[in-house]
Amino acid sequence: MAHPWTFILVVINMVKAFRVSDLQTLLASMGRSKSGLKQDLVLRALKMVQSDCSPELLKSVRQLYETRFPKTSGWLAARRPEAVPVNYSSISPTARGLTQSQGADYLNGGIPKQAVAPIAEVKLVSLPFYQTLETLLPPTELIAQNNEKLQDSQCIFELTQGQVDQIRNSIEHRPGIKSVQVVLRIVYTDSIGVQEDQYPPNIAVRVNQSFCHVPGYYPSNKPGVEPRRPCRPINITPWLHLSTTTNRVTITWGNFGKRYSVAIYLVRVFTSAELFNQLKHCSVESAERCRERIQDKLRFDPESEIATTGLRVSLICPLVKMRLGVPCRVLTCAHLQCFDAVFFLQMNEKKPTWTCPVCDKPAPFELLTIDGLLSEILKETDMDVEEIEYLTDGSWRPIRDERDKDKERERSNTPVYPLVDICASEVNGHSPAHSSTSQSAKSGSGSASAPGAGSGGGVVVDLTLDTSSDEENGGAGGDSTDTDDSQGAPSPKRGRYDYDKDLVTAY
């Protein structure tokens, strides 16, 4: 038979696990002073439990404790304070008078409770690359145990044999990375709206006493902007016991005023190629619907002072500056400009932003659609066409024709100048640039000028016919080089070289 005061020990342990705000709420509800340090509040609450263990007090303690530690949390019992020795002699007769049945009724929830507003569940945003198969640990708040900046929180969970087989039999996207994984997600503790993944400062995750990899920071190219950590689910599968034994996860996080919740899921991970196949089979807008959209945009508005007769759309993807392969856009966007679906999914697989590259508005995967009309246009146009124009009747025309006309118009307005080939030889075999020089060299011998004439443009020029050559020859025959009687003169004097150093061929 259990001791009649067993439930009092449980209440004492609950009180010792309270935070300052919980202790102040408890003391205020019982009409006691709520000022002082935490140790003073704890002692005051414990004395109140030992001296006056009334049903109202027990009800308040239980409500505060269930608010702080939900039954579905799955947290380790080790996080809650263990039983502490109690001086039973100090317990008041009123508390001793509680029967064993009363204690059992309290532990089994027999004490009537007031209508307490249920704790709103934290909802996590759905991720396109992750399909949730089962929930291993529902969203549970990380609670600081003391005033230290770094806190350690632990949770445990077990895998069933079916879940273990599902992980082992799944395919591998790459070596060591399974398509079925156990992931850890951390979000802000906020019941309003849907929460995205957010890592607390100084985060570290240990799975069965082994540290697992947490995504690092993205380097920032902008000056003065701090690097940003990509918040995405953490794959803890490689460090788990793939059996029915208990797995223990310890999360180290920075306690800087914000509240965080953690959840563990069994998920199936998709690749960008698999998501593209889903998009291609489930979300394609027909060409007729696209034409109707274009006509709606170009329909005449009598209240508008400007009439739009056409809309130009580029065939170049704004993401990679290449021709579109699979034109895609967001249903909620007002523009008709598309981006490439394959590159968009690949970029979000590496760095998930899900933002339209045209207007920077949210572009969730559920709202993506493939433009059927632009897909047909890409097949019908040549590769050099980079832009088209939609007309009011839903038809289109390429913009390449106008560009070609502009280029031809520029060519027609450009004056044409004759080209002079300075290397072309004239009738006499000499270059036009050296005609005067060759005429001055006619005093040379016929044998010396013959090779120049037969060389197809080579000109023989005597560069030593000046006063210096006359001095070398002793001044004799200096005037014979300028007369027509010099054709029978001997060839120029050779030096110590085997070739005529006085003859240079100019091209």
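Residues numbered from 1 in each chain as written. Predicted model: local features only at pLDDT ≥ 70, side-chain atom pairs only at ≥ 80, totals over all residues. Heavy atoms only, no water.

Engineer: Would you explain the sheet that holds strand β10 (residues 234–235) in this entry?
Structural biologist: Note: strands within a sheet are paired through backbone hydrogen bonds, in either parallel or antiparallel orientation. Spatial strand order, β2-β12-β6-β10: four strands in an open sheet with antiparallel pairing. In the strand order of this sheet, the two ends are held by β2 (130–141) and β10, each with one partner. In this structure, β2 lies alongside strand β12 (residues 260–269), joined through eight bridges in antiparallel fashion. By the bridge assignment, Gln131 is partnered in β12 with Arg268. Contacting β2, β6 (180–188) and β12, helix α7 (residues 161–168) runs over the sheet at an angle of about 60° to β12. (Pairing = 2+ DSSP bridges. Helix = DSSP H or I, 4+ residues; strand = E, 2+ residues; numbered from the N terminus. Contact = heavy atoms within 4.5 Å. Axes fitted to C-alpha atoms, helices over the stretch in contact; angles between N-to-C directions.)

Engineer: Hey, could you run me through the side chain of Thr189 in this one?
Structural biologist: Its place among the elements puts Thr189 in the loop between β6 and β7 (194–195). Among the polar contacts made by the side chain of Thr189, one reaches the main-chain carbonyl oxygen of Tyr260 at a distance of 3.1 Å. Ignoring any residue separated from it by four or fewer positions in sequence, one finds Thr189 in contact with Val122, Glu141, Arg259, Tyr260 and Ser261. (Polar contact = N/O pair within 3.5 Å; in protein donor to acceptor, adjacent residues only side chain to side chain.)

Engineer: What should I look at first to understand the sheet that holds strand β16 (residues 339–340) in this one?
Structural biologist: Strands sit in the order β13-β17-β15-β16 across an open sheet of four strands; the sheet is mixed. Of all strands in the sheet, those with a lone pairing partner are β13 (284–285) and β16, marking the two edges. Sheet analysis places strand β15 (residues 327–330) next to strand β17 (residues 368–371), joined by three bridges and oriented antiparallel. Within β17, the residue paired with Cys328 across the bridge is Ile370.

Engineer: Whenever I open this one, the pattern of salt bridges confuses me. Can you help?
Structural biologist: Once the charged atoms of two side chains with opposite charge are near each other, the side chains can pair. The tally for this structure, following the rule as stated, stands at 11 salt bridges. In this structure, Glu66 engages Arg62 in a salt bridge whose closest nitrogen and oxygen atoms are separated by 2.9 Å. Within this pair, Glu66 and its partner Arg62 are both found in helix α4 (residues 55–68), separated by four residues, close to a single helical turn. Look at Glu66 and you get partly exposed, because its relative accessible area is 24%. With a closest N to O distance of 4.0 Å, Arg289 and Glu292 form a salt bridge. (Salt bridge = Lys/Arg side-chain N within 4 Å of Asp/Glu carboxyl O. Buried < 20%, exposed > 50% of the residue type's maximum accessible area, 1.4 Å probe, protein only.)

Engineer: How should I be thinking about the pairing of strand β18 (residues 387–391) in this particular structure?
Structural biologist: Each regular strand displays side chains that alternate between the two surfaces of the sheet. Counted residue by residue, β18 has four buried out of five residues, so it is predominantly covered. Sheet topology places strand β14 (residues 310–314) next to β18; five bridges connect them, and they run antiparallel. Of the residues in β18, the one forming a bridge with Leu311 is Tyr390. Summarising the sheet, β18 and strand β19 (residues 396–398) pair through three bridges and their orientation is antiparallel. Along β19, the bridge assignment pairs Glu389 with Arg397. A loop of four residues connects β18 with β19, the two strands running antiparallel in sequence, and Gly394 in this loop sits at a positive phi of about 90°.

Engineer: Looking at this structure, how should I read the packing of aromatic side chains?
Structural biologist: Aromatic rings in a pair are described by how distant their centres are and how their planes are angled relative to each other. For the coordinates displayed, the defined rule picks out five aromatic pairs. Ring geometry for Tyr188 against Tyr260: centres 5.3 Å apart, planes inclined by 40°, an arrangement best described as tilted. On the criterion of sequence distance, the pair formed by Tyr188 in strand β6 and Tyr260 in strand β12 is long-range, its members being 72 residues apart. Residue Tyr188 is classed as partly exposed on the basis of its relative accessible area of 26%. Every member of this aromatic cluster is reached through a ring pair, and the members are Phe129, Phe339, Phe344, Trp354 and Phe365. (Phe/Tyr/Trp six-rings, centres within 6.5 Å; stacked < 30°, edge-to-face > 60°.)

Engineer: Any chance you could explain empty space enclosed by the protein here in plain terms?
Structural biologist: A water-sized probe, rolled over the atoms, reveals where empty space remains. Inspection of every chain in the model, using the stated rule, returns one cavity of 30 Å³ or more. Taken as a whole, the largest cavity encloses approximately 30 Å³ of empty space. If you trace the largest cavity, you find it lined by Cys290, Ile294, Arg329, Leu336, Asp371 and Tyr390. By residue class, the composition of the lining of the largest cavity is four nonpolar, no polar and two charged. (1 Å grid on protein atoms, 1.4 Å probe; cavity = no way out; pocket = protein on both sides within 12 Å on 5 of 7 lines; lining within 4 Å. Points joined across faces, edges and corners; volume = space filled by probe spheres on them. Nonpolar A, V, L, I, M, F, W, Y, C, P; charged D, E, K, R; others polar.)

Engineer: How do you make sense of the side chain of Asp22 when you look at a structure like this?
Structural biologist: Residue placement: Asp22 occurs in helix α2 (residues 20–29). Accessibility expressed as a relative area gives 9% for Asp22, which makes it buried. Every residue in contact with Asp22, bar those within four places of it in the chain, is listed here: Leu64 and Arg68.

Engineer: I would appreciate a short explanation of the confidence of the model for the protein in the present structure.
Structural biologist: Parts of the prediction with low pLDDT should not have their coordinates interpreted in detail. Mean pLDDT over the protein: 74, with 64% of residues reaching 70 or higher. When pLDDT is averaged over each helix and strand of the protein, the minimum, 37, is found for helix α6 (residues 100–107) and the maximum, 96, for β16. Contacts for the low-pLDDT stretch residues 1–5, under 50 throughout, to residues beyond four places or in other chains number five contacts. Across residues 433–457 the pLDDT falls below 50, and counting only partners more than four positions away or on other chains, this stretch makes 16 contacts in the model. (pLDDT = per-residue confidence, 0-100.)

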